[in-house]
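# Structural overview
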Amino acid sequence: CLMAPLTGYRRWFDGATLLRANSWMLMTGSLGMLASTLPVQWLMPLTGWRPLFWILAVMILLAMAAIAWVVPRWPRDAVPTSTAPRTVSPPSTSYAEVWRSRYFRKMSPLAFFNYGGMVAMQTLWAGPWMIRVAGYTPLEAATGLFSINATMLVTFWSWGMVNPRMAQRGWHATRLIAWGVPISLVVLAVNILAGAATGWLGWALFCLTSSTLGLAQPAVGMTFRAALAGRALSAFNLVMFAGVFVMQWGLGLAVDAFRAAGLAEVASFQAAMAVFLCCCIVSYGYFLSVKVDNPS
């Protein structure tokens, strides 16, 4: 989400720096997810849930204070002053131009289903799969989630290091996504077919191969002029997080529906994930069908 205000400072950040900044922010998010796995499992017997949430609330307040203290103020020439001529109309705050963008519409289904589904697996459904399908103990599942998030931390750090060089050689975000998404779909299909044999490693590989979708955020921001970049990224984040919510909730509904239809627990998880896979395939097909001239 922090990519939205960051693009307001495009006078200070070139494209390569924005790509690195996006990867480092995703890496920081993975670090937070890492802290919510084994450390929480270790602290639970000592503190219980309520003190853990109080600690989290205090840390969020400290983060807010740090952002308010460290983040540069908005450039003075970006803020209208009272001395501006009355004939100058205020800047538009509409999202209409963002929604009309073919490139934004090209990326939106991937953001909703594929990216949102990957985050839903990373943050919620990998744990229940490991416990209810693969037969992990809670401690083993927490260790597996720790390993998945450690994998993503290293993956996003690596993208930040190599992506600017790849972009200079013609491997821009759109091309990387076009090649990377089919690999993630194959990994997802293998995980579903393997059923109880799929543990943390299978889901780590799925998240890793889906990581190219994280490159869509700076690509969308750089598609628009500076005045619209923040709005474009806010809209993209809205689509993506709506997808996270729908996939987190929808997978649970699908598992319960298939259980009610008479499937065993493992089969119900497999069927729900198969529906998720079909949605991802359709969104990737739409991504390929929309032709735009965008080098991002």
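Throughout what follows, the structure given in this document is the object of discussion. (Residues numbered from 1 in each chain as written. Predicted model: local features only at pLDDT ≥ 70, side-chain atom pairs only at ≥ 80, totals over all residues. Heavy atoms only, no water.)

## Comments concerning the pattern of salt bridges
- Here the structure, examined in full by the defined rule, presents 2 salt bridges.
- A salt bridge links arginine 259 to glutamate 265, with the shortest nitrogen-to-oxygen separation between them at 3.6 Å.
- Glutamate 265 gets classed as partly exposed once you look at its relative accessible area, which sits at 26%.
- Here the salt bridges share partners, and the residues they tie into one network are Arg132, Arg259 and Glu265. (Salt bridge = Lys/Arg side-chain N within 4 Å of Asp/Glu carboxyl O. Buried < 20%, exposed > 50% of the residue type's maximum accessible area, 1.4 Å probe, protein only.)

## Focus: the nonpolar core
- Core analysis: the largest hydrophobic core is formed by 59 residues, its most contacted members being Met121, Trp203, Phe206, Met273 and Phe276.
- Of all the elements in the fold, those that place two or more residues in this core are helix H6 (102–133), helix H7 (138–168), helix H8 (173–194), helix H9 (200–210), helix H10 (216–223), helix H11 (226–260) and helix H12 (265–289).
- The element that contributes the greatest number of residues to this core is H6, accounting for 15 residues.
- Excluding residues that lie within four positions of it along the chain, tryptophan 203 makes contacts with Met121, Ala126, Trp129, Ile148, Leu188, Asn191, Thr198 and Met273. (Core = buried A, V, L, I, M, F, W, Y, C linked by side-chain atoms within 4.5 Å. Helix = DSSP H or I, 4+ residues; strand = E, 2+ residues; numbered from the N terminus. Contact = heavy atoms within 4.5 Å.)

## Quick look at the side chain of serine 283
- Position of serine 283 relative to the elements: it lies in helix H12.
- Overall, the relative accessible area of 3% leaves serine 283 in the buried class.
- At 2.4 Å, the side chain of serine 283 and the side chain of asparagine 114 are in polar contact.
- In this structure, serine 283 is in contact with Pro109, Leu110, Phe113 and Asn114, ignoring residues within four places of it in sequence. (Polar contact = N/O pair within 3.5 Å; in protein donor to acceptor, adjacent residues only side chain to side chain.)

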